[in-house]
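Here's the letter readout for the chains.
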Amino acid sequence: MSDNLGPGAYATSQLSKDTLIAAKNDLTFQLLMNSETQQFSYMQSSNTISDIEQHYSKEIQLVRNEMKGLDDKTSNEYYDLMAEVQELESERDEKVKQEESKRTDFQKRYDTQKTSIETRLESVKSDLEGIKQMQDSNIKRNS
């Protein structure tokens, strides 16, 4: 921009400044919304994992109670129940692992998006500061 700004140029720089302020506010709002979404997603994932563990805990306990009720601990029925406990534990672990994987994938996308928005926000702040300095410099020159 020119060193000696006239009234029209000042209005243009003020419009640019206002546009950058709006962009800064928008990016800040995006960061806030993404943060809230991330927190909600994490809580939802934690609840899902808790539900999975609670469900399988009950199922496993029922089978173990059945095992305790058997007199012959060497019977085929006892070994079948042991296998069922192992199967339930494996299913539980797999479902928890899947949920944790979803959470990790979401966190990676969130981090990438956050970094992108923060980079754009810093650029906008830098541009805004440049316009403010130019306006201040012009005001001092014209005084």
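Each value, and the rule that gives it
Residues numbered from 1 in each chain as written. Predicted model: local features only at pLDDT ≥ 70, side-chain atom pairs only at ≥ 80, totals over all residues. Heavy atoms only, no water. Helix = DSSP H or I, 4+ residues; strand = E, 2+ residues; numbered from the N terminus. Buried < 20%, exposed > 50% of the residue type's maximum accessible area, 1.4 Å probe, protein only. Lys, Arg positive; Asp, Glu negative; His and termini not counted. Salt bridge = Lys/Arg side-chain N within 4 Å of Asp/Glu carboxyl O. Contact = heavy atoms within 4.5 Å. Core = buried A, V, L, I, M, F, W, Y, C linked by side-chain atoms within 4.5 Å. Patch = residues over 30% accessible without salt bridge, like charges linked within 9 Å, V, L, I, M, F, W, Y side chains within 5 Å. Areas by Shrake-Rupley, 256 points an atom, 1.4 Å probe, with all protein chains shown as cover. Charge placed at Lys NZ, Arg CZ, Asp CG, Glu CD.

A. Geometry of the side chain of E99. With respect to the helices and strands, E99 occurs in helix α2 (residues 76-142). Of the side chains with opposite charge, K102 lies nearest to the buried E99, which makes no salt bridge, at 4.1 Å. In contact with E99, other than residues within four places in its own chain, are S45, T48 and I49.

B. Region of interest: the nonpolar core. In terms of nonpolar packing, the biggest core is built from twelve residues, these being I49, I52, Y56, I60, V63, M67, L70, Y78, L81, V85, L88 and V96. Mapped onto this core, the elements with two or more residues apiece are α1 (7-69) and α2. Considering each element in turn, this core owes the most residues, six residues, to α1. Filtering out sequence-adjacent residues up to four positions away, L70 remains in contact with S75, E77, Y78 and L81. Counting residues in hydrophobic clusters, the runner-up holds nine residues, among them L20, L27, L31 and L121.

C. Representation of the environment of L128 within the structure. Positionally, L128 belongs in helix α2. In this structure L128 comes out as buried when scored by relative accessible area, which is 4%. As for L128 and T19, which are separated by 109 residues in sequence, their C-alpha atoms are 9.3 Å apart. In this view, L128 contacts K17, L20, I21 and K24; residues no more than four positions away in its chain are not counted.

D. Looking closely at a nonpolar patch on the surface. A cluster of nonpolar residues, F29, L32 and M33, forms a patch on the protein surface that exposes about 290 Å² of accessible area. Within the secondary structure, F29 is located in helix α1. A relative accessible area of 48% means that F29 is categorised as partly exposed.

E. View of the pattern of salt bridges. Applying the stated criterion across every chain, the model contains four salt bridges. Residue R92 is joined to D93 by a salt bridge in which the shortest nitrogen-to-oxygen separation is 3.1 Å. The exposure class of D93 is partly exposed, given its relative accessible area of 43%. Linking E122 and K125 is a salt bridge whose minimum nitrogen-to-oxygen distance equals 3.8 Å. In this pair, E122 and K125 are both assigned in helix α2, three residues apart and thus about one turn of the helix distant. Taking relative accessible area as the criterion, E122 reaches 47% and is therefore assigned partly exposed.

F. Geometry of a negative patch on the surface. A surface patch of like charges, here negative, comprises E59, E66, E77, D80, E84, E87 and E91. Elements with a minimum of two residues in the negative patch: α1 and α2. In terms of residue count, the dominant contributor to the negative patch is α2 (five residues).

G. A look at the environment of V63. Among the structural elements, V63 can be located in helix α1. V63 gets classed as buried once you look at its relative accessible area, which sits at 5%. Between the alpha carbons of V63 and Y78 there is a distance of 9.9 Å; along the sequence they are 15 residues apart. Apart from residues lying up to four places away in sequence, V63 is in contact with L81, E84, V85 and L88.

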